[in-house]
Amino acid sequence: MRTNGRNLQGLEMPIEYVVRRVGLFFVIVWAAATVNFLIPRLAPGNPIREQLLQQVATGGAGATPIEEVVQAYEARFGLDLPLWLQYFNFLWDTVRFDFGVSIARFPTPVWDTLTYALPWTISLVATATIIAFVIGSLFGALLAWPRTPRFVHAVAPPLLTMAAVPYYLLGLILMYVFAFRFGWFPLGGGHQLGTEPSFTMTFMLDAARHSVLPALSLILATLGFWALQMRGMMVTVQGEDYVTLAEAKGLRPSRIFFRYALRNAMLPQITALALTLGHVVSGAVLVEIVYGYPGIGTLLFRSVQNFDYPVIYGITFLIIVAIGLATLILDLVLPFLDPRIKYSRE
Amino acid sequence: MRDTTVDTEQTHAEGVLDSTVEPSSDVKPILEVRNLHVSYDTVRGPIQAVRGLSFQLMPNEVLGLAGESGSGKSTLALALLRMIKSPGRIVEGEVLLDGRDLLSLSEREMRHVRLADIAMVAQGAMNSLNPVMRIRDQIIDAWTDHGIRYGRQESEERVADLLRWVGLRPDVARLYPHELSGGMKQRVVIAIAISLRPRVIIADEPTSALDVVVQRQIISTLRRVQTDLQAAVILIGHDIGLMAQSVQKLGIMYAGKVAEMSPVYEMFDEPMHPYTRMLIDSLPSPDQKGQLRGIPGITPSLLDPPPGCAFNDRCPYALERCTTEIPALEEKRPNRMVACHLFTEGQ
Ligand SMILES: Nc1ncnc2c1ncn2[C@@H]1O[C@H](COP(=O)(O)OP(=O)(O)O)[C@@H](O)[C@H]1O
Ligand SMILES: [Mg+2]
């Protein structure tokens, strides 16, 4: 029985919508690539030579033979070619994930430095984000729920205080207490020195042990954010007439909590989560540096220090793609969570 | 938005002012409220929103409660379901449903009274339904939590019957609230309210967010299901004109108390309490179109209510006694409950 399918069935997602939305994603990626192409060329003079000279001046390049790098870059970018041809070459390279070679670690391709750091960051920051999101949101929801037992409220002030402490500071404190004082966890790094990353059980366990403290710093520091935001939403939602009616229907408190209050209060949280996850690839710079963690954050920091522009551009591009991807997924998932969302373009 | 309303109202709309239930001695009230006090604790002290309110509701009776905004109507409605939220609390009193005191039930027992015995049609028609759940699921979850489980086929059929009962097409079941008009949503709310055949339905301004035509349709739908169910209804509103056409007995609330409660005809024929008289006089009548006479003065503070009659400072007939002694709600004439010192009992 399908009378007037799309009007009656709120969840039917039109194909045009999906196509349009995926198309938008590629437009974003293309725009990001173009910006990456233009920025170095907007600077007067030869950007490569200038960067390298800057590096020599600050002594950052050290032993790397400058002329060799310059020549490699001239060839790589074909800087003698007309601009439009350079642009198409650049786009073609981007499609093949070819972002050139790192200056600081010449001649390692940028892509290799990114793909080495990315799994570290994703496993640390994404896991920490999701854990903080789940615990924080639930906790915030409980804080706003009148039937919540007293002791839950007692945990609130310390947790919310922790949200006000910058997480690198929290990282330092945790490191001092649990790594330095008690020696329960390693002082830093992503894995035992001398071991090579592999998918063996011993390595994974070792990596997990190294990520406990950085993850804990991130979780503790961001928990309060999710909790506060969720508490605010829950307070609002509980004032809604449908929650009053749910109670008047004699529903079980747990159903009112989950299906009526939490379910609606969660919608803005999901949007915030998607954006935060999009930012995960930029790493948690400060925590990674404090713990010497081999993720994107550390890579970005080192690249900025060394004027390693190709790597910086690579990371920038990666972040834009990740955020584009996160919003794409969000836009495809949200209509299933909130039937009020319209597919039309208005 | 297409209106999927089935037009069954015209036939029912007229029979609104039918028989008045004569309270005879052998009929016991289905709901009785005795000396109910509800306060909201604030930093400035308790706001006494309901102050010693008493009334009786007979089976199958339609009782209107009217009063200006802030007179405690919604507080009373929520208190009857024991749904007063902090900072509010029921200070004292009794709410007897068929002789059983609801205020002494456990929270768990009270949950089962809601909807199964006393159902509510809430104030905000626009927002009373969960935006992320289909209508069908919002009807069925109440059954589940009251321990009633039907097979898939049967619950579909029951939902369809229910929707037809309130004048909606059965395929509304598959829609989300935002796909319905305000009137349709309020019909769904009525459908939910009657789904377990309650004995009392409390409708708190069920038409406040709707336009005039839809308001009448909703009121007549409510009256129709009331007749079908033989349930007692408390209809709350501030438009005594609309109320007068919809109820048998009307209670006029003022500052958390009932000022007068009388059969509608008699009240409009001969209002007794001065407040009632001024309210009825302030209604625009056909010969003086649009002439709305307000009532001079303001409602008293519920933080610090006056010691005597709450209306005494606005009352042109106030006696010395009115400033010191709270008038009790008494049957001053047969069937007419009035809280006013101007009348002596049985006079
Ligand atoms: N949550 C609350 N906190 C404090 N005061 C309240 C609250 N709800 C209602 N009140 C007060 O109680 C009184 C009665 O309100 P209400 O029952 O909503 O009146 P009505 O429904 O007749 O307009 C008003 O003075 C109002 O300010
Ligand atoms: Mg009200």
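Residues numbered from 1 in each chain as written. Chains lettered and ligands numbered in written order. Predicted model: local features only at pLDDT ≥ 70, side-chain atom pairs only at ≥ 80, totals over all residues. Heavy atoms only, no water.

1. Examining the overall build of chain A
Right, so step 1: Assigned secondary structure in chain A consists of 14 helices and 0 strands.
Right, so step 2: In sequence order, chain A lays out its α and β elements as α-α-α-α-α-α-α-α-α-α-α-α-α-α.
Right, so step 3: Counting every position in chain A, which comprises 346 residues, the buried fraction comes to 45%.
Right, so step 4: In chain A, 74% of the contacts between residues at least 6 apart in sequence involve partners at least 24 apart.
Right, so step 5: For chain A, the exposed area adds up to about 17700 Å²; of that, 70% sits on carbon and sulfur atoms. (Helix = DSSP H or I, 4+ residues; strand = E, 2+ residues; numbered from the N terminus. Buried < 20%, exposed > 50% of the residue type's maximum accessible area, 1.4 Å probe, protein only. Contact = heavy atoms within 4.5 Å. Areas by Shrake-Rupley, 256 points an atom, 1.4 Å probe, with all protein chains shown as cover.)

2. Overview of unusual backbone geometry
All names here are of chain B.
Right, so step 1: Of note, the amide linkage connecting Ser86 to Pro87 takes the cis form, showing an omega dihedral of 15°.
Right, so step 2: Within the fold, Pro87 resides in the loop between helix H2 (73–80) and strand E4 (88–97).
Right, so step 3: Positive phi outside glycine occurs at Asn35, with the angle close to 50°.
Right, so step 4: For Asn35, the position within the fold is in strand E1 (residues 31–42).
Right, so step 5: Positive phi, close to 55°, is recorded for Asp98, a residue that is not glycine.
Right, so step 6: With respect to the helices and strands, the residue Asp98 is situated in the loop between E4 and strand E5 (100–101).

3. So, the interface of chain B and chain A
A common measure of how large an interface is: the accessible area buried when the components associate.
Right, so step 1: If you look at the interface, chain B gives 34 residues, while chain A gives 31 residues.
Right, so step 2: Summed over both partners, the interface of chain B with chain A comes to about 2900 Å²; 54% of that surface belongs to carbon and sulfur atoms.
Right, so step 3: Three residues stand out in chain B for area buried against chain A, namely Val132, Asp145 and Arg174 of chain B, and they jointly supply 20% of the buried area on that side.
Right, so step 4: Counting across the interface, chain B meets chain A through 5 salt bridges. (Buried area = accessible area lost by both parts, 1.4 Å probe. Salt bridge = Lys/Arg side-chain N within 4 Å of Asp/Glu carboxyl O.)

4. Quick look at the domain arrangement of chain A
All names here are of chain A.
Right, so step 1: Domain assignment breaks chain A into domain 1 (1–104 + 307–346) and domain 2 (116–305).
Right, so step 2: The interface of domain 1 with domain 2 comprises 17 residues on the first partner and 18 residues on the second.
Right, so step 3: Buried surface at the junction of domain 1 and domain 2, summed over both partners, amounts to about 1500 Å²; 78% is from carbon and sulfur atoms.
Right, so step 4: Put simply, domain 1 and domain 2 have 0 salt bridges between them.
Right, so step 5: The tally of links from domain 1 across to domain 2 stands at 2 residue pairs in polar contact (both at pLDDT 80 or more). (Domains from an automatic or database assignment. Polar contact = N/O pair within 3.5 Å; in protein donor to acceptor, adjacent residues only side chain to side chain.)

5. Some words on the sheet that holds strand E6 (residues 118–121) of chain B
Residue and element names in this part refer to chain B.
Right, so step 1: Across the sheet, 8 strands lie side by side as E6-E7-E8-E3-E9-E10-E12-E11; this open sheet has mixed pairing. The sheet is open, and its two edges are formed by E6 and strand E11 (330–333), each paired on a single side. Pairwise comparison of adjacent strand axes, ignoring direction, gives a mean angle of 25° for this sheet.
Right, so step 2: Against the sheet, helix H7 (residues 212–229) contacts strand E3 (62–66), E6, strand E7 (200–204) and strand E8 (232–237), and its axis sits at roughly 160° relative to E8. (Pairing = 2+ DSSP bridges. Axes fitted to C-alpha atoms, helices over the stretch in contact; angles between N-to-C directions.)

6. As for the packing of helix H6 (residues 110–143) of chain A against helix H9 (residues 201–238) of chain A
Residue and element names in this part refer to chain A.
Right, so step 1: Interhelical geometry of H6 versus H9 gives an angle of 35° and a closest axis separation of 5 Å. Where H6 crosses over H9, the two elements pack in a sense that is right-handed.
Right, so step 2: Among the residues forming the contact of H6 with H9, the class breakdown is 22 nonpolar, 6 polar and 1 charged. (Left-handed = near helix turned anticlockwise from the far one by under 90°. Nonpolar A, V, L, I, M, F, W, Y, C, P; charged D, E, K, R; others polar.)

7. Topic: helix H7 (residues 150–164) of chain A
All names here are of chain A.
Right, so step 1: Of all the bends in H7, the greatest, near 30°, is centred on Ala156, and the proline Pro157 appears no more than four residues after it.
Right, so step 2: Restricting attention to buried positions, one finds in H7 the residues Val152, Ala156 and Leu159.
Right, so step 3: Residues of H7 that are buried sit in contact with H6 and H9. (Bend = angle between axes of the 7 residues up to and from the residue.)

8. Here we look at the pairing of E3 of chain B
Residue and element names in this part refer to chain B.
Right, so step 1: Among the 5 residues that make up E3, 5 are buried, leaving the element largely enclosed by the rest of the structure.
Right, so step 2: Pairing analysis gives 5 bridges linking E3 to E8, with the strands arranged parallel. Bridged to Gly64 within E8 is Leu235.
Right, so step 3: Note that E3 and strand E9 (residues 249–254) share 4 bridges and pair parallel. Bridge pairing links Gly64 to Leu250 in E9.

9. Things to note about the domain arrangement of chain B
Residues and elements named next belong to chain B.
Right, so step 1: By the assigned domains, chain B splits into domain 1 (27–269) and domain 2 (276–343).
Right, so step 2: The centre of domain 1, based on its C-alpha atoms, is set 27 Å off from the matching centre of domain 2.
Right, so step 3: On the domain 2 side, the residues contacting the 26 residues of domain 1 number 21 residues.
Right, so step 4: Between domain 1 and domain 2, the buried area comes to about 2100 Å², and carbon and sulfur atoms account for 63% of it.

10. Some points on the pairing of strand E2 (residues 45–57) of chain B
Right, so step 1: Where E1 of chain B lies against E2 of chain B, 10 bridges are found, and the strand directions are antiparallel. What sits directly across from Asp41 of chain B, in E2 of chain B, is Pro46 of chain B.

11. Description of the site of ligand 1
Residue and element names in this part refer to chain B.
Right, so step 1: The local shell around ligand 1 consists of Tyr40, Ile47, Ala49, Glu68, Ser69, Gly70, Ser71, Gly72, Lys73, Ser74, Thr75 and Leu302.
Right, so step 2: Between an oxygen atom of ligand 1 and a side-chain N or O atom of Ser74, the distance comes to 2.8 Å.
Right, so step 3: The separation between an oxygen atom of ligand 1 and a polar side-chain atom of Thr75 is 2.4 Å.
Right, so step 4: For ligand 1, whose unbound accessible area comes to 560 Å², protein coverage reaches 66%.
Right, so step 5: The set of elements that each furnish at least two residues to the shell around ligand 1 consists of E2 and H2.
Right, so step 6: Considering each element in turn, the shell around ligand 1 owes the most residues, 3 residues, to H2.
Right, so step 7: Residue classes in the shell around ligand 1 are distributed as 4 nonpolar, 6 polar and 2 charged. (Near = heavy atom within 4 Å.)

12. Some points on the packing of aromatic side chains
Right, so step 1: In the structure shown here, the tally under the stated rule is 19 aromatic pairs over all chains.
Right, so step 2: Arranged with centres 5.4 Å apart and planes meeting at 55°, the rings of Phe37 of chain A and Phe90 of chain A form a pair that is tilted. Taken as a pair, Phe37 of chain A in helix H2 (residues 15–42) and Phe90 of chain A in helix H5 (residues 83–95) lie far apart in primary sequence, 53 residues in all.
Right, so step 3: Ring plane angle 85° and centroid distance 5.1 Å describe the contact between Tyr254 of chain B and Phe311 of chain B, whose orientation is recorded as edge-to-face. With Tyr254 of chain B in strand E9 and Phe311 of chain B in the loop between helix H10 (274–281) and E11, the pair connects residues that are 57 residues apart, well separated along the chain.
Right, so step 4: What makes Tyr254 of chain B buried here is its relative accessible area of 4%.
Right, so step 5: Through pairs of rings, three or more aromatic residues link up here, namely Phe37, Trp84, Tyr87, Phe88 and Phe90 of chain A. (Phe/Tyr/Trp six-rings, centres within 6.5 Å; stacked < 30°, edge-to-face > 60°.)

13. Describing the environment of Met175 of chain A
Right, so step 1: Position of Met175 of chain A among the secondary structure elements: in helix H8 (residues 167–181).
Right, so step 2: With near-sequence residues (within four places) excluded, Met175 of chain A lies in contact with Phe180, Leu187, Leu213, Val290 and Tyr291 of chain A.

14. As for the sheet that holds E1 of chain B
Right, so step 1: Pairing within the open sheet is antiparallel, and its 4 strands lie in the order E2-E1-E4-E5 (chain B). Of all strands in the sheet, those with a lone pairing partner are E2 and E5 of chain B, marking the two edges.

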